[in-house]
Amino acid sequence: AGEIYRAVLEQDPEHVDALGLMGVIMQAAGDLEIAEELLTRATELAPDYFAPFANLGNVLQATGRLSEAVILFRKALALNPESVETTNNLASALNEMKSFEDALAASEKALSLIAAFPEALVNKGNAMLGLGRISDAVTVYQEALTLDPDHSNANFNLGNAYMDLGAFQEAIKPYRAAVATDLKNPEKHFNLGNALMKAGRF
């Protein structure tokens with residue numbers, strides 16, 4: 001796909017869709033600097049087209065530039081208020097910024113658009129966890145897991161919520177499930193180890 005978009009851009013360097021989609025591919029390949037350049041150019045050429053703003057927000061969130069990402073997600077949503085993915089990505093960035101009230105509102109908006117959306121439920125749970133609503137967060141993570149039992153982050157964050165409640169034994173099962181579907185994530189192994197230690201399973 002990247003080779004095809006590159007060929008398009010050689011013939012038409014200002015082809016907005018090719019710039020945007022090539023930016024998405026470069027983000028997936030881990031070249032965030034090039035992705036940012038391509039997507040920024042697409043937003044300049046098509047300031048009324050929501051997709052490049054949403055995708056540029058994803059790139060900036062991946063680089064840790066959260067406040068800039070939030071601005072771009074809001075710009076994209078001003079152009080397309082019904083974009084559930086962008087609404088959910090806004091919730092994710094707001095959670096990372098610890099703007100939990102705003103993150104909760106964004107995740108609930110996403111869920112009003114698509115109720116059976118595990119990622120939005122995870123973001124809602126994360127916002128609740130940040131607000132100290134731990135039991136509510138547990139319920140929301142469990143709802144996400146009824147939709148996708150193998151959702152690694154739903155399991156991981158459910159484990160975190162149980163740890164916050166002091167329910168160390170209950171945290172072990174979701175942590176194990178999180179590790180099983182994300183074997184190379186050190187944080188998930190570490191938290192599983194902590195739960196086992198707290199439960200006395202040295």
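Residues numbered from 1 in each chain as written. Predicted model: local features only at pLDDT ≥ 70, side-chain atom pairs only at ≥ 80, totals over all residues. Heavy atoms only, no water.

**Q** Residue-level account of the overall build of the protein, with values.
**A** Secondary structure summary: the protein contains twelve helices and zero strands in total. Counted from the first residue to the last, the protein has its helices and strands arranged as α-α-α-α-α-α-α-α-α-α-α-α. With the C-alpha coordinates of the protein rotated into their principal frame, the extents come out at 65 × 30 × 25 Å. Burial status across the protein gives 45% buried among its 202 residues. Of the contacts formed within the protein by residues at least 6 apart in sequence, a portion of 43% connects residues at least 24 apart. As presented, the protein carries roughly 10300 Å² of accessible surface, and 53% of it is formed by carbon and sulfur atoms. Side-chain charges in the protein split into 15 positive and 27 negative, and the spacing between the mean points of these groups amounts to 9 Å. (Helix = DSSP H or I, 4+ residues; strand = E, 2+ residues; numbered from the N terminus. Buried < 20%, exposed > 50% of the residue type's maximum accessible area, 1.4 Å probe, protein only. Contact = heavy atoms within 4.5 Å. Areas by Shrake-Rupley, 256 points an atom, 1.4 Å probe, with all protein chains shown as cover. Lys, Arg positive; Asp, Glu negative; His and termini not counted. Charge placed at Lys NZ, Arg CZ, Asp CG, Glu CD.)

**Q** Go over the packing of helix α9 (residues 134–147) against helix α10 (residues 152–164) with me, naming the residues and quoting the values.
**A** Helix-helix packing: each pair is described by the crossing angle between the helix axes and the interaxial distance. Closest axis-to-axis distance for the α9/α10 pair is 9 Å, and the angle between their directions is 155 degrees. It follows that α9 is roughly antiparallel to α10 by the angle criterion. Considering only the axes of α9 and α10, their crossing is left-handed. Contacts between α9 and α10 involve Ile134, Val138, Tyr141, Gln142, Ala144 and Leu145 on the former and, on the latter, Ala154, Asn155, Asn157, Leu158, Ala161, Tyr162 and Asp164. Residue classes in the contact of α9 with α10 are distributed as nine nonpolar, three polar and one charged. (Axes fitted to C-alpha atoms, helices over the stretch in contact; angles between N-to-C directions. Parallel < 35°, antiparallel > 145°, perpendicular 65-115°, else oblique. Left-handed = near helix turned anticlockwise from the far one by under 90°. Nonpolar A, V, L, I, M, F, W, Y, C, P; charged D, E, K, R; others polar.)

**Q** Report on helix α5 (residues 66–79), specifying residues and quantitative values.
**A** For α5, with 14 residues, the first-to-last C-alpha span of 20 Å sits near the 20 Å given by 1.5 Å per residue. Listed in full, the buried residues belonging to α5 are Leu66, Ala69, Val70, Leu72, Phe73, Ala76 and Leu77. In an axial view of α5, the angular spread of the buried residues amounts to 165 degrees, which keeps them on one side of the axis. Pointing more than 90 degrees away from the buried face of α5 are the exposed residues Ile71 and Ala78. (Expected span 1.5 Å × (residues − 1). Arc of directions from axis to C-beta.)

**Q** Describe in detail the nonpolar core, supporting the description with residues and values.
**A** Within the largest apolar cluster, 61 residues are counted, with the highest numbers of intra-cluster contacts made by Leu90, Tyr141 and Tyr175. Looking at which element gives the most residues to this core, the answer is α9, with seven residues. When neighbours within four sequence positions are excluded, Tyr175 is seen to be in contact with Asn155, Phe156, Gly159, Asn160, Met163, Asn191, Leu192 and Ala195. (Core = buried A, V, L, I, M, F, W, Y, C linked by side-chain atoms within 4.5 Å.)

**Q** Residue-level account of the side chain of Asn157, with values.
**A** Here Asn157 lies in helix α10. A relative accessible area of 11% places Asn157 in the buried class. Every residue in contact with Asn157, bar those within four places of it in the chain, is listed here: Val122, Asn126 and Tyr141.

**Q** Quick one: what's the story with the side chain of Asn191, residue by residue and with numbers?
**A** Locating Asn191 in the fold gives a position in helix α12 (residues 186–198). Residue Asn191 is classed as buried on the basis of its relative accessible area, which comes to 14%. A polar atom in the side chain of Asn191 sits 3.0 Å from the side chain of Asn160. Side-chain polar atoms of Asn191 contact the side chain of Tyr175, separated by 3.5 Å. When sequence neighbours within four positions are dropped, the list of residues in contact with Asn191 reads Phe156, Asn160 and Tyr175. (Polar contact = N/O pair within 3.5 Å; in protein donor to acceptor, adjacent residues only side chain to side chain.)

**Q** Before we move on, can you summarise the pattern of salt bridges with the specific residues and values?
**A** Oppositely charged side chains can pair when the atoms bearing their charge come close. Evaluated as defined, the whole model comprises seven salt bridges. Close ionic contact of Glu44 with Arg41 constitutes a salt bridge, the shortest N to O distance being 3.5 Å. Taken as a pair, Glu44 and Arg41 lie in helix α3 (residues 32–45) at a separation of three residues, close to a single helical turn. Since its relative accessible area comes to 52%, Glu44 is described here as exposed. In this structure, Asp136 engages Arg133 in a salt bridge whose closest nitrogen and oxygen atoms are separated by 3.1 Å. On the basis of relative accessibility, which here comes to 35%, the residue Arg133 falls in the partly exposed class. Among the ionic contacts, a cluster of salt bridges with common partners joins Glu14, Arg41 and Glu44. (Salt bridge = Lys/Arg side-chain N within 4 Å of Asp/Glu carboxyl O.)

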